[in-house]
Amino acid sequence: DFDGAIDVFNQILSFEPNFMLAHHGLMDAYGQKGMYEEAMAAGEKVVDAGLRFVANLGVLGFYYGLAGANEKARALLSELRDRSTRGYVSSFWVGTIYLGLGDVDRAFEWFQKAYEEHDGNLIYITIPIPFKSIISDPRYASLLRQMGLTHLVQD
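Residues numbered from 1 in each chain as written. Predicted model: local features only at pLDDT ≥ 70, side-chain atom pairs only at ≥ 80, totals over all residues. Heavy atoms only, no water.

## Quick notes on the overall build of the protein chain
What counts here: The helix and strand labels rest on DSSP assignments: H or I over at least four residues marks a helix, E over at least two residues marks a strand, and numbering proceeds from the N terminus. For this measure, only C-alpha atoms enter the radius of gyration; the expected value for a globule follows 2.2 Å times N^0.38, where N is the number of residues. Contact criterion: two residues are considered in contact whenever any of their non-hydrogen atoms come within 4.5 Å of each other. His is not counted, nor are the chain ends; Lys and Arg add positive charge and Asp and Glu add negative charge. A single reference atom marks each charge: NZ on Lys, CZ on Arg, CG on Asp, CD on Glu.
The secondary structure content of the protein chain amounts to nine helices and zero strands. Listing the helices and strands of the protein chain from first to last along the sequence gives α-α-α-α-α-α-α-α-α. Taking 15 Å as the expected radius of gyration for a compact globule of 155 residues, we find that the protein chain reaches 16 Å, a close match to that expectation. In terms of its C-alpha atoms, the protein chain occupies a principal-axis envelope of roughly 45 × 35 × 25 Å. Put simply, of all contacts in the protein chain between residues at least 6 apart along the chain, 52% involve residues at least 24 apart. Averaging the coordinates of the 13 positive side-chain charges in the protein chain and doing the same for the 20 negative ones gives two points 5 Å apart.

## Examining a nonpolar patch on the surface
To keep it simple, the criterion reads: By definition, no residue in a patch forms a salt bridge, and every one has over 30% relative accessible area; like charges are joined within 9 Å, nonpolar side chains (Val, Leu, Ile, Met, Phe, Trp, Tyr) within 5 Å. Every accessible area reported is derived by Shrake-Rupley at a probe size of 1.4 Å, with residue values counting cover from the shown protein chains alone. Basic side-chain nitrogens of Lys or Arg form a salt bridge, by our definition, when they fall within 4 Å of a carboxyl oxygen of Asp or Glu.
Together, Val8, Ile12, Phe19 and Leu21 make up an exposed nonpolar region whose accessible area comes to about 340 Å². Mapping Ile12 onto the fold places it in helix α1 (residues 2-15).

## Details of the pattern of salt bridges
We count it as follows: Think of it in three bands: with a 1.4 Å probe and only protein chains considered, a residue is buried below 20% of the maximum accessible area for its type, exposed above 50%, and partly exposed in between.
Tallying each qualifying case throughout the model produces eight salt bridges. Of the charged contacts, one joins Lys72 and Glu44 as a salt bridge, the two residues approaching to 3.5 Å between their closest N and O atoms. Taken as a pair, Lys72 in helix α5 (residues 70-84) and Glu44 in helix α3 (residues 36-48) lie far apart in primary sequence, 28 residues in all. Classification of Glu44 as partly exposed rests on a relative accessible area of 23%. Linking Glu79 and Arg52 is a salt bridge whose minimum nitrogen-to-oxygen distance equals 2.6 Å. With Glu79 in helix α5 and Arg52 in the loop between α3 and α4 (54-67), this pair connects stretches of sequence that are 27 residues apart. Connected through salt bridges with shared partners, the residues Arg52, Glu79 and Arg83 form a single ionic network.

Quick look at the structure:
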């Protein structure tokens with residue numbers, strides 16, 4: 001119930017406008033509804049507040065890509081690659097940005113890397129709405145099987 005979630009997050013923000021988890025929730029609820037302009041605006045509030053966590057950047061980059069804001073999505077990819085030279089960056093979120101950009105082959109390369117790294121974020125690949133574009137791809141089923149989630153494979 002994304003509309004209900006949007007209402008709740010907006011209610012929270014009416015009391016506490018700087019509660020960044022509510023802005024992140026709005027980003028995702030708007031994005032899941034295909035309201036990319038609103039999703040990007042909410043996500044930018046989060047990262048502009050200094051919360052440049054890898055997951056925040058990955059989700060925002062995904063919605064940038066879906067909205068056609070490819071330059072912004074690629075800038076976040078560059079930031080994540082730069083950060084990976086100084087410490088661990090979840091390969092799942094890098095792959096998610098590539099998916100938003102429509103580069104399915106690169107997305108699967110990074111999802112496979114996430115699997116090999118035992119990246120716990122990879123479980124999010126099972127959320128139907130953001131990943132619906134790849135569910136019919138044989139690599140998706142293969143990845144689910146590798147993860148031991150054969151019950152989710154749609155043959």
